[in-house]
Amino acid sequence: SYGLTLTQSAFKVLLMVYGENLGGAANEIQKLSFIVPKGGDITREDVLKVCPRQVPIMPWDVSNAASEKSLKQAMKYTALLFKYMGEGAAVPIVATLMRQTERLLIGRSMLDQGKGKEAIAEALNMKPYAVEKQLMPVLHKHTCSSLKTQMKKLCDLETKVKGAAQSKRTLVELAVHQFAA
């Protein structure tokens, strides 16, 4: 309605900042209607000029914090994702928790079998240095048994968040809490 075209990169920034909050995104576009000439393209740079400055939080930040047993950080990231993405944050958070749990389960089982960082790195398509510095400290905080239990819970949760479950946010927050605790 402002006679402007939103580029794909500008759309991605608005999506990351506002998620399902269409009112917030519409407010930014309205601001841009005063800056961008009528008939012009709204670019990523234009959006960044008017959007509030914030540290972008991504779903993998939640799973990393949870796997490191940093409960406070994991819950903070979860709350921020739901704030900016709305209920749409549920599926990506659960997906990254499942992926992280899978990686930890593979790494932990190999560690329990006496395999070294090189074998774990190869199995997980990582560099040995990254395994040693990033993954090994986290692996020691988990057992195969706890990771298997966590994965079963996440599989059940995935079905609920992709379905018609009510209060998906609460379900996700409980899963993050259980993983990080």
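None of these values were measured; they are calculated from a predicted model. (Residues numbered from 1 in each chain as written. Predicted model: local features only at pLDDT ≥ 70, side-chain atom pairs only at ≥ 80, totals over all residues. Heavy atoms only, no water.)

Outline the overall build of the protein, supporting the account with residue identities and numerical values.
Within the protein one finds 10 helices and 2 strands. From first element to last, N terminus to C terminus, the protein shows the α and β order β-α-α-β-α-α-α-α-α-α-α-α. If one aligns the C-alpha atoms of the protein with their principal axes, the spans along those axes are about 65 × 40 × 25 Å. The proportion of buried residues among the 181 residues of the protein is 39%. When the accessible area of the protein is evaluated, it comes to approximately 10,300 Å², of which 56% is carbon and sulfur surface. Looking at the protein, you have 25 positive and 16 negative side-chain charges, and the mean spots of the two groups are 4 Å apart. (Helix = DSSP H or I, 4+ residues; strand = E, 2+ residues; numbered from the N terminus. Buried < 20%, exposed > 50% of the residue type's maximum accessible area, 1.4 Å probe, protein only. Areas by Shrake-Rupley, 256 points an atom, 1.4 Å probe, with all protein chains shown as cover. Lys, Arg positive; Asp, Glu negative; His and termini not counted. Charge placed at Lys NZ, Arg CZ, Asp CG, Glu CD.)

With reference to specific residues and values, describe the nonpolar core.
If you look at the biggest cluster of nonpolar residues, it comprises 37 residues, and the most contacted ones within it are Ile93, Ile120, Leu135 and Val172. Residue assignment for this core shows that the elements contributing at least two residues are helix H4 (59-67), helix H5 (71-85), helix H6 (90-112), helix H7 (117-124), helix H8 (128-139), helix H9 (144-162) and helix H10 (168-180). Discounting chain neighbours no more than four positions away, the residues touching Val172 are Thr78, Phe82, Ala90, Ile93, Val94, Leu157 and Val161. Ranked by size, the runner-up nonpolar core spans 13 residues in total, among them Leu4, Leu14, Ala25 and Val50. (Core = buried A, V, L, I, M, F, W, Y, C linked by side-chain atoms within 4.5 Å. Contact = heavy atoms within 4.5 Å.)

Which residues make up the packing of H4 against H6, and what are the values?
Contact pair H4 / H6: the axes reach a minimum separation of 8 Å and the direction vectors enclose 45°. Of the possible angle classes, the one that applies to H4 and H6 is oblique. Seen along the crossing, H4 lies across H6 with a hand that is right-handed. Only Pro92, Ile93, Thr96, Leu97, Gln100 and Leu104 of H6 make contact with H4, whose side of the interface consists of Pro59, Trp60, Val62, Ser63, Asn64, Ala66 and Ser67. Here the residues of the contact of H4 with H6 sort into 8 nonpolar, 5 polar and no charged. (Axes fitted to C-alpha atoms, helices over the stretch in contact; angles between N-to-C directions. Parallel < 35°, antiparallel > 145°, perpendicular 65-115°, else oblique. Left-handed = near helix turned anticlockwise from the far one by under 90°. Nonpolar A, V, L, I, M, F, W, Y, C, P; charged D, E, K, R; others polar.)

Kindly report on H4, identifying the contributing residues and their values.
For H4, every residue scored as buried is listed here: Pro59, Val62, Ser63, Ala65, Ala66 and Ser67. Within two residues after H4, Lys69 carries a phi angle of roughly 65°, on the positive side.

Before we move on, can you summarise helix H1 (residues 8-18) with the specific residues and values?
Within the sequence span of H1, burial applies to Ala10, Val13, Leu14, Val17 and Tyr18. Buried positions in H1, seen along its axis, are confined to an arc of 105° and lie on one side of it. Opposite its buried face, H1 presents the exposed residues Gln8 and Lys12, each directed more than 90 degrees away. Trailing H1 by a residue or two, Gly19 shows a phi angle of about 55°, which is positive. (Arc of directions from axis to C-beta.)

Describe the layout of surface pockets, and please don't skip the residues or the numbers.
Considering only enclosed or pocket space, the second largest pocket measures out at about 260 Å³ in volume. Forming the boundary of the second largest pocket are 13 residues, of which Asn64, Ser67, Gln100, Arg103 and Gln134 lie nearest the centre. Counting residues per element, the ones that place at least two in the lining of the second largest pocket are H4, H6 and H8. Of the residues in the lining of the second largest pocket, the class split is 4 nonpolar, 6 polar and 3 charged. (1 Å grid on protein atoms, 1.4 Å probe; cavity = no way out; pocket = protein on both sides within 12 Å on 5 of 7 lines; lining within 4 Å. Points joined across faces, edges and corners; volume = space filled by probe spheres on them.)

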